Amino acid sequence: MSLIAHLNPLKRILSITVVRQARNVSHFTYQPDDKAPIEGEKQKMNMFTAINNAMDIALAKDESTILFGEDVAFGGVFRCSLNLKNKYGGERVFNTPLCEQGIAGFAIGAATMGAKAICEIQFADYIFPAFDQIVNEAAKYRYRSGNLFDCGSLTIRAPCGAVGHGALYHSQSPEAYFAHTPGLKIVVPRGPNMAKGLLLACLNDKNPCIVLEPKTLYRSAIEDVPLGYYESTLGKADIMRVGGDVTLIGWGTQVHVLREVAEYAKKKLNVNCEVIDLVSILPWDVETVCHSVKKTGRCLIAHEAPITNGFGAELAATIQEECFLHLEAPIMRVCGWDTPFPHVFETFYLPDKYRCLEGIKKLINY
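Small disclaimer: the values here were computed from a predicted structure and weren't measured.

## Some points on the sheet that holds strand 11 (residues 273-277)
Backbone hydrogen bonds hold the strands of a sheet together, and the pairing may be parallel or antiparallel.
Logical step 1: Pairing in this open sheet of five strands is mixed, and the strands run 9-11-10-13-14 from one edge to the other. Two strands close off the open sheet at either side, each with one partner strand: strand 9 (238-241) and strand 14 (332-336). If you compare each strand with its neighbour and ignore which way they point, the axes differ by 25° on average.
Logical step 2: Sheet topology places strand 10 (residues 246-250) next to strand 13 (residues 299-306); three bridges connect them, and they run parallel. Across the sheet, residue Thr247 finds its bridge partner in strand 13, namely Cys299.
Logical step 3: Relative to the sheet, helix 11 (residues 253-269) contacts strand 9, strand 10, strand 11 and strand 13, its axis offset from that of strand 11 by approximately 175°.

## Considerations on the sheet that holds strand 6 (residues 185-187)
Logical step 1: Pairing is mixed in the open sheet, where seven strands are placed in the order 3-2-4-5-7-6-12. Edge positions in the sheet fall to strand 3 (93-95) and strand 12 (280-282), since each has one partner strand and no second. Strand-to-strand twist in this sheet, taken as the mean axis angle between neighbours without regard to direction, amounts to 20°.
Logical step 2: Across three bridges, strand 2 (residues 65-69) lies against strand 3 in parallel orientation. Bridge pairing in strand 3 links Phe68 to Phe94.

## With respect to the pairing of strand 13
Logical step 1: Strand 13 sits mainly inside the fold: seven of its eight residues count as buried.
Logical step 2: Direction of pairing for strand 13 relative to strand 14: parallel, over a ladder of five bridges. If you follow Ile301 over to strand 14, its bridge partner there is Arg333.
Logical step 3: Handedness of the crossover is the feature at issue here: the chain leaves strand 13, passes through helix 13 (residues 311-323), returns alongside strand 14, and the resulting connection is right-handed.

## Looking at the environment of Lys35
Logical step 1: Positionally, Lys35 belongs in the loop between helix 2 (9-23) and strand 1 (42-46).
Logical step 2: For the pair Lys35 and Glu223, spaced 188 residues apart in the sequence, the C-alpha separation amounts to 9.1 Å.

## A look at the side chain of Asn53
Logical step 1: Along the chain, Asn53 falls in helix 3 (residues 47-61).
Logical step 2: Since its relative accessible area comes to 14%, Asn53 is described here as buried.

## Things to note about the pattern of salt bridges
Logical step 1: The tally for this structure, following the rule as stated, stands at 14 salt bridges.
Logical step 2: The partner of Glu274 in a salt bridge is Lys295, with the nearest N and O atoms 2.5 Å apart. Taken together, the residues Glu274 in strand 11 and Lys295 in helix 12 (residues 286-296) connect sequence positions 21 residues apart.
Logical step 3: Taking the relative accessible area as the measure of exposure, Lys295 reaches 40% and is therefore partly exposed.

## Remarks on empty space enclosed by the protein
Logical step 1: Counted under the stated rule, the structure contains one cavity of 30 Å³ or more.
Logical step 2: As for the largest cavity, its lining consists of 15 residues, of which Cys160, Ser173, Trp251, Thr253 and Glu304 are closest to the centre.
Logical step 3: Among the elements of the structure, strand 7 (209-214), helix 11 and strand 13 are those that each provide at least two residues to the lining of the largest cavity.
Logical step 4: Across the lining of the largest cavity, the residue classes tally to six nonpolar, seven polar and two charged.

## Considerations on the environment of Thr65
Logical step 1: Within the fold, Thr65 resides in strand 2.
Logical step 2: The contact partners of Thr65, leaving out residues within four places of it in the chain, are Ala58, Leu59, Arg92, Lys116 and Ile118.
Logical step 3: Polar side-chain contacts of Thr65 include one of 3.3 Å to the backbone oxygen of Ala58.

Reading the values: rules and limits
- Residues numbered from 1 in each chain as written.
- Predicted model: local features only at pLDDT ≥ 70, side-chain atom pairs only at ≥ 80, totals over all residues.
- Heavy atoms only, no water.
- Pairing = 2+ DSSP bridges.
- Helix = DSSP H or I, 4+ residues; strand = E, 2+ residues; numbered from the N terminus.
- Axes fitted to C-alpha atoms, helices over the stretch in contact; angles between N-to-C directions.
- Contact = heavy atoms within 4.5 Å.
- Buried < 20%, exposed > 50% of the residue type's maximum accessible area, 1.4 Å probe, protein only.
- Right-handed = clockwise from strand over helix to strand, strands pointing away.
- Salt bridge = Lys/Arg side-chain N within 4 Å of Asp/Glu carboxyl O.
- 1 Å grid on protein atoms, 1.4 Å probe; cavity = no way out; pocket = protein on both sides within 12 Å on 5 of 7 lines; lining within 4 Å.
- Points joined across faces, edges and corners; volume = space filled by probe spheres on them.
- Nonpolar A, V, L, I, M, F, W, Y, C, P; charged D, E, K, R; others polar.
- Polar contact = N/O pair within 3.5 Å; in protein donor to acceptor, adjacent residues only side chain to side chain.

Shape is all these values report; function is a separate question.
Here's what the structure looks like:
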């Protein structure tokens, strides 16, 4: 038995943390998609270059497309809009004042008048000053006008989630706040191919869309991305790994955590997990999720946002309602804790592979 095993639980956690920090190990291992979404010429891209490529295509395809936000003309904090101002000019790609409410308000007005508006909120954590504009204006515009007017050409991009050192103002996952709002569509990409396809699909959707981009994937996620135009289906989940014992559900970065957990579970527990990338938060793919849970009888949902009223609660409620007679164990959620996102204690906060693996053990042994 190792020395760590003899220590009390807190010391064990601290020892594991020190080892991880010393090795500079991320809480996930990125796994690229098995194949590209379409045939044709491809180029190796990380996620921010795939997003840049999508916006380049959108700007070239439709002269009404405009791109704006804080520092966007300079390339943005994460370089997603790099060189686009030089290519399309300052009237179509431009900086805004540091005013999220103003960014969203301007975007709604532009979209209502027929422009395809892509606005960037520099961090998803900064989106809350724009909350009223998004949920009370953008989401309701079509409904309150009796379908005479809409701002369906509006797409809001926002970097979200843990990045390793972001702490309470740069690591939040606000998807559940917006998922309570009819009239919006919300998606979270897991990598470059999906990021490009979802963004282009959102730009052509007839509803205002929010694309929450896991910022830790901007550079760590690399795939062969088709250079041509394609769209990913909104409202459709992807089965990343087929299995018959436990259904694992996540989105964004957490998909890669769960794929790694599934491999651990197979090797260590002889448990065959099915991994689902929800992809679309609103609307979400009830059919794919419930079909999987009816097959496996066990379900674990994992997300970085706090557990209380996180979007996993909506999934759990629907699964319980639709799959009750098929369940062999209570639905489990492995999520962030009900605290502000910590800095030095981020390791304890995240639903990493060790916490998820413990959750699988409890489901199997229930």
